[in-house]
Amino acid sequence: MTKVTMTINGKAVSGEVEGRTLLSSFLREDLHLTGTHIGCDTSQCGACVVHVDGKAVKSCTMFAAEANGATVATIEGQANEDGSLNVIQAAFQEHHGLQCGFCTPGMVMSAAALLKDNPKPSVSEVREYLEGNICRCTGYHNIVKAIMAASGQDVSAIAAE
């Protein structure tokens, strides 16, 4: 067992993990942060995206021990301080960027990373950035629209689907 210590959503945490424990498992099973979803365990779906030291990472591809000393942000830490939805979450709600919700945490975390690096992306840039995230319900149109709205861009010309 290896002791790991990291800051998750602004709080210092530590725990004992086996060397093979994935960050996604540590978050869900040890810390009970179940908003990070595990959809494939093969890095295909993006449901497990978190931010590690400010970069979007598929947590099913990273060992918990690799995050030792890191700053990790999960979907649970995305809301505003008063508990209200942040701008990305609110845009997903307003523009129907979710249906079953399984992919939503990974989509929101990916959107946050995109908008941090590219505050005013084009529709094609959003679609390209989301290539590593799978949604089986929405067809992506409303997800893209939500991300465009979260960036402060006018989405009135984007037709509803």
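Residues numbered from 1 in each chain as written. Predicted model: local features only at pLDDT ≥ 70, side-chain atom pairs only at ≥ 80, totals over all residues. Heavy atoms only, no water.

A closer look at the domain arrangement of the chain
Once the domains are mapped, the chain shows domain 1 (2-77) and domain 2 (87-150). Taken residue by residue, the interface counts 17 residues in domain 1 and 15 residues in domain 2. At the boundary of domain 1 with domain 2, total buried surface from both sides reaches about 1,200 Å², with 61% on carbon and sulfur atoms. Counting every contact that joins domain 1 to domain 2 gives zero salt bridges. Applying the counting criterion to the domain 1 and domain 2 interface returns seven residue pairs in polar contact (both at pLDDT 80 or more). When contributions to the side of domain 1 that touches domain 2 are tallied by element, the ones reaching two or more residues are β3 (49-52) and β4 (55-58). Per-element tally for the side of domain 1 that touches domain 2: the top contributor is β3, with three residues. Grouping the constituent residues of the side of domain 1 that touches domain 2 by class yields eight nonpolar, eight polar and one charged. (Domains from an automatic or database assignment. Contact = heavy atoms within 4.5 Å. Buried area = accessible area lost by both parts, 1.4 Å probe. Salt bridge = Lys/Arg side-chain N within 4 Å of Asp/Glu carboxyl O. Polar contact = N/O pair within 3.5 Å; in protein donor to acceptor, adjacent residues only side chain to side chain. Helix = DSSP H or I, 4+ residues; strand = E, 2+ residues; numbered from the N terminus. Nonpolar A, V, L, I, M, F, W, Y, C, P; charged D, E, K, R; others polar.)

Here we look at the nonpolar core
Within the largest apolar cluster, 24 residues are counted, with the highest numbers of intra-cluster contacts made by Ile88, Phe92, Met107, Val126, Ile143 and Ile147. When residues of this core are traced back to their parent elements, those giving at least two are α2 (87-94), α3 (104-117) and α5 (141-150). Ranked by the residues each element gives to this core, the list is headed by α3, at seven residues. Not counting the four nearest positions on each side in its chain, Phe92 is found in contact with Gly97, Leu98, Thr104, Met107, Val108, Ile143, Ala146 and Ile147. Listed in part, the 17 residues of the second largest apolar core include Met6, Val13, Phe26 and Ala67. (Core = buried A, V, L, I, M, F, W, Y, C linked by side-chain atoms within 4.5 Å. Buried < 20%, exposed > 50% of the residue type's maximum accessible area, 1.4 Å probe, protein only.)

Comments concerning the sheet that holds strand β5 (residues 71-73)
Sheet strands pair via backbone hydrogen bonds, and the direction of the pair is either parallel or antiparallel. Spatial ordering of the open sheet is given by β2-β1-β5-β3-β4, a layout of five strands whose pairing is mixed. The strands lining the two open edges of the sheet, one partner per strand, are β2 (11-17) and β4. Across the sheet, the axes of successive neighbouring strands diverge by a mean angle of 40°, strand direction being ignored. The pairing of β3 with β4 spans four bridges and is classified as antiparallel. Its bridge partner being in β4, Val52 is matched across the sheet by Lys55. Packing of α3 onto the sheet brings it into contact with β3, β4 and β5, and relative to β3 it is tilted by some 40°. (Pairing = 2+ DSSP bridges. Axes fitted to C-alpha atoms, helices over the stretch in contact; angles between N-to-C directions.)

Let's talk about the packing of α2 against α3
Interaxial distance between α2 and α3 falls to 10 Å at its minimum, and their mutual angle equals 125°. With respect to α3, the axis of α2 lies oblique. Considering how the two elements wind past one another, α2 and α3 form a crossing that is right-handed. On the side of α2, the interface is formed by Ile88, Gln89 and Phe92, while α3 contributes Thr104, Met107, Val108, Ala111, Ala112 and Leu115. (Parallel < 35°, antiparallel > 145°, perpendicular 65-115°, else oblique. Left-handed = near helix turned anticlockwise from the far one by under 90°.)

Observations regarding α2
Among all positions in α2, only Ile88, Gln89, Ala91 and Phe92 are buried. Along the axis of α2, the buried positions cluster into a sector of 160°, meaning they face one direction only. Residues of α2 that are exposed and point over 90 degrees away from its buried face: Val87, Gln93 and Glu94. Residues of α2 that are buried in the fold lie against α3 and α5. Measuring from the backbone nitrogen of Ile88 back to the side-chain oxygen at the start of α2 gives 3.0 Å, which picks out Asn86 as the cap. Downstream of α2 by a residue or two, His96 has a phi angle that is positive, lying close to 55°. (Arc of directions from axis to C-beta.)

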